[in-house]
Amino acid sequence: AQARNVFTQICNLTSLNVTLAVLARLGDYRTRQDREAISGALSFCLAAYLLMSLAGFLAGWFLLPWILSFFGAGESGPVLAAGVRILLLQLLLLPFAETLGAAFQGFRKMAAYTACLSGGQFLSALMMMAVMVLSPTVTGFCWGTTAGFFATLLLYVRYYRQLQRE
């Protein structure tokens, strides 16, 4: 739980609500059927999240020992560090999920977006339980959470490809 809290704080620091800014423009571009502007807005969303995620990942990775000592992790520090570093991998996947989520919302494909959100929760829980059965440790929990996040990203990609065919 402590590893998850540190990870959540790092995620909060790397999110500047880029998606909301992109969504504000996508509706207008969609109305005008300006494919170039739509592509540019989604590319901006992806690039912005890639930069923020990479910065958050690197800061979290290298500052983690100091952060854990600051919060008094004590003897559990190495285990927490391993867990948080596994969770930090999710930051590298986040830009793609955020951009696909923005595309679903911007094009009013709320059924696909909702399916990804709820399906993602189910996949995350399923993967977490499966990995915890195999490795009932802090790092097992963290690998399960990360595997669930990756499975959720694959769900986003599946729905995006389906919508591209429409």
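Residues numbered from 1 in each chain as written. Predicted model: local features only at pLDDT ≥ 70, side-chain atom pairs only at ≥ 80, totals over all residues. Heavy atoms only, no water.

A word on the confidence of the model for the protein
This is how it is decided: Each residue carries a pLDDT score, the predictor's own confidence in it, on a scale running from 0 to 100. Under the scheme used here, helices are H or I runs from DSSP no shorter than 4 residues and strands are E runs no shorter than 2 residues, and both carry numbers assigned from the N terminus.
When pLDDT is averaged along the protein, the result is 79, and 86% of the positions lie at 70 or above. Mean pLDDT values over the elements of the protein span from 55, in helix H1 (residues 2-14), up to 85, in helix H6 (residues 138-165).

Points about the packing of aromatic side chains
Let me state the cut-off plainly: Pairing of aromatic side chains here covers Phe, Tyr and the six-membered ring of Trp, requires ring centres within 6.5 Å, and sorts the geometry by plane angle: under 30 degrees stacked, over 60 edge-to-face, intermediate tilted. Exposure classes here rest on a 1.4 Å probe applied to the protein chains alone. A residue is buried below 20% of its type maximum, exposed above 50%, and partly exposed in between.
Throughout the structure, instances matching the rule amount to two aromatic pairs. Between Phe104 and Tyr156, the ring centres sit 6.0 Å apart and the planes meet at 10 degrees, which makes this aromatic pair stacked. Linking Phe104 in helix H4 (residues 77-106) with Tyr156 in helix H6, this pair joins segments that are 52 residues apart in sequence. Taken individually, Phe104 and Tyr156 each receive the classification buried, so the pair is uniform in this respect.

Topic: helix H5 (residues 110-134)
Test applied: One less than the residue count of a helix, multiplied by 1.5 Å, gives the span that helix is expected to have.
Between its first and last C-alpha, H5 extends 36 Å over 25 residues, near the 36 Å set by a 1.5 Å rise per residue. Every buried residue belonging to H5 is among Ala112, Tyr113, Ala115, Cys116, Gly119, Gly120 and Ser124, and all of these are buried.

A word on the environment of Leu26
Inclusion rule: Here, residues are in contact when the closest pair of their heavy atoms is within 4.5 Å.
Turning to its location among the elements, Leu26 is positioned in helix H2 (residues 18-32). In this structure the C-alpha to C-alpha distance between Leu26 and Ile38, which are 12 residues apart in sequence, comes to 6.1 Å. The contacts of Leu26, once residues within four sequence positions are left out, are Ile38, Ala41, Leu42, Ala102 and Gly106.

Things to note about the side chain of Ser53
You can see Ser53 is positioned in helix H3 (residues 35-70). Not counting chain neighbours up to four residues away, the residues in contact with Ser53 comprise Leu91, Leu94 and Pro95.

Points about the nonpolar core
A general tendency of soluble globular proteins is for nonpolar side chains to be buried together. The following threshold applies: Working definition of a nonpolar core: buried Ala, Val, Leu, Ile, Met, Phe, Trp, Tyr and Cys residues. They are joined through side-chain atoms within 4.5 Å.
Ranked by internal contacts, the top residues of the largest apolar core, which has 14 residues, are Val18, Val22, Leu26, Leu42 and Cys45. Elements supplying a minimum of two residues to this core: H2, H3 and H4. Here the element with the most residues in this core is H3; it accounts for eight residues.

Let's talk about H2
Over its 15 residues, H2 extends 22 Å from the first C-alpha to the last, a length consistent with the 21 Å expected when each residue adds 1.5 Å. Among the residues of H2, those classed as buried are Val18, Thr19, Val22, Leu26, Gly27 and Tyr29. Gln33 sits one or two positions beyond H2 and adopts a positive phi of about 55 degrees.

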